Amino acid sequence: MNNEHIKLSATDARLWFGKKQVLKNVNVAFPENKITALIGPSGCGKSTLLRCFNRMHDLSADARITGNFLLEDQDLYRGNLSATAVRRRIGMVFQQANPFPKSIYENINYGLKINDISKEERPGIIENALKESYIWDEVKDDLQKPATRLSGGQQQRLCIARAVALRPEVILMDEPCSALDPISTSKIEELILKLKQDYTIVIVTHNMQQAQRIADQTVFMYLGEIIEAGSTRQIFNDPQAELTGNYVQGHFG
Ligand SMILES: Nc1ncnc2c1ncn2[C@@H]1O[C@H](COP(=O)(O)OP(=O)(O)OP(=O)(O)O)[C@@H](O)[C@H]1O
């Protein structure tokens with residue numbers, strides 16, 4: 001992984017919720033135009049780490065964060081960078097698809113409006129985002145239909161369209177398929193594989209097969225620390241730490 005351009009990284013990252021330390025000296029790097037899977041047992045801090053890159057802890061009064069979180073060489077917590085400015089460059093897709101209770105069209109239009117994209121540009125951007133997210137053919141005649149009437153898998157692709165419409169550089173995905181059936185999951189995986197041509201992707205997953213199907217790099221976390229990071233092939237076939245081996249072989253979860 002050494003020759004790759006690092007798009008997103010954290011150095012000496014630590015996070016406490018109140019007195020409880022959830023991230024301990026995390027050093028991690030995500031290469032550009034690659035998919036990185038973040039794996040590890042429940043509660044080890046995967047979502048917490050992912051959310052740091054999107055300034056999602058800003059409103060948690062008891063969260064304290066130290067260290068550096070960098071997009072290229074821009075520190076995401078220094079200067080007067082707003083969370084909105086960070087989120088325009090680093091999009092996020094959640095475990096439960098969370099469309100707004102509005103039309104399919106308005107779900108994407110809203111983000112464009114609040115980011116001051118002109119009225120004239122918006123219809124084209126919306127169409128492209130839906131095409132890019134492999135959902136255009138299914139919704140093009142129903143753009144005014146409430147997004148909440150779509151299937152779970154369609155809602156998740158709409159949420160991905162909402163993220164890509166703002167042309168971020170990075171897309172963070174927190175278990176985006178965990179609520180989906182195998183067919184919807186495989187559509188999203190196909191979409192993620194295509195999106196990496198244009199975006200750097202970090203995906204939290206509990207599904208070891210999914211990590212192996214789509215991730216170039218895999219990072220294994222345990223109790224708030226990064227135990228091991230490497231190519232997905234290496235992490236699954238030749239893990240250096242015994243703990244990694246035990247986890248990927250399903251000995252604990
Ligand atoms: N807002 C919060 N306030 C207090 N503690 C929290 C908060 N969010 C998460 N935690 C705690 O931080 C720890 C890490 O949680 P996190 O959700 O990051 O783990 P995870 O590895 O993503 O787990 P899972 O795979 O189950 O989603 C857990 O002990 C959790 O209870």
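Computed from a prediction, not measured in an experiment: that's the story for all the values here.

Basis of the calculations
- Residues numbered from 1 in each chain as written.
- Predicted model: local features only at pLDDT ≥ 70, side-chain atom pairs only at ≥ 80, totals over all residues.
- Near = placed C-beta within 6 Å.
- Helix = DSSP H or I, 4+ residues; strand = E, 2+ residues; numbered from the N terminus.
- Nonpolar A, V, L, I, M, F, W, Y, C, P; charged D, E, K, R; others polar.
- Pairing = 2+ DSSP bridges.
- UniProt positions renumbered as here; feature names shortened; annotations may be inferred.
- Axes fitted to C-alpha atoms, helices over the stretch in contact; angles between N-to-C directions.

This part takes up the site of the ligand. Neighbouring the ligand are Phe 17, Val 22, Gly 40, Ser 42, Gly 43, Cys 44, Gly 45, Lys 46, Ser 47, Thr 48 and Ser 60. If you tally residues by element for the shell around the ligand, the top one is helix α1 (residues 46-52), at three residues. When the residues that make up the shell around the ligand are grouped by side-chain class, the tally is three nonpolar, seven polar and one charged.

With that settled, consider the sheet that holds strand β5 (residues 74-75). Each strand in a sheet pairs with its neighbour through backbone hydrogen bonds, running either in the same direction (parallel) or in the opposite one (antiparallel). The four strands are arranged β2-β1-β4-β5 in an open sheet whose pairing can be described as antiparallel. Taken across any chain shown, the strands that pair with only one partner, and hence form the sheet edges, are β2 (20-31) and β5. The pairing of strand β1 (residues 6-17) with strand β4 (residues 63-71) spans eight bridges and is antiparallel. Each residue of the ladder has a partner; that of Trp 16, found in β4, is Arg 64.

In the numbering adopted here, UniProt assigns the feature "domain: ABC transporter" (unreviewed entry) to residues 8-248. Measuring from the first to the last C-alpha atom of residues 8-248 gives 25 Å, for a span that is 36% helix and 27% strand.

A sheet is described by the order of its strands in space; here six strands give the open sequence β6-β7-β8-β3-β9-β10, paired in mixed fashion. The two strands at the open ends of the sheet, each matched to only one other strand, are β6 (90-93) and β10 (225-231). Strand after strand, the sheet turns through a mean of 20° between neighbouring axes, direction not considered. Inspection of the sheet shows strand β3 (residues 35-39) paired to strand β9 (residues 217-222) by four bridges, in the parallel sense. Paired with Leu 38 across the strands is Val 219, a residue of β9.

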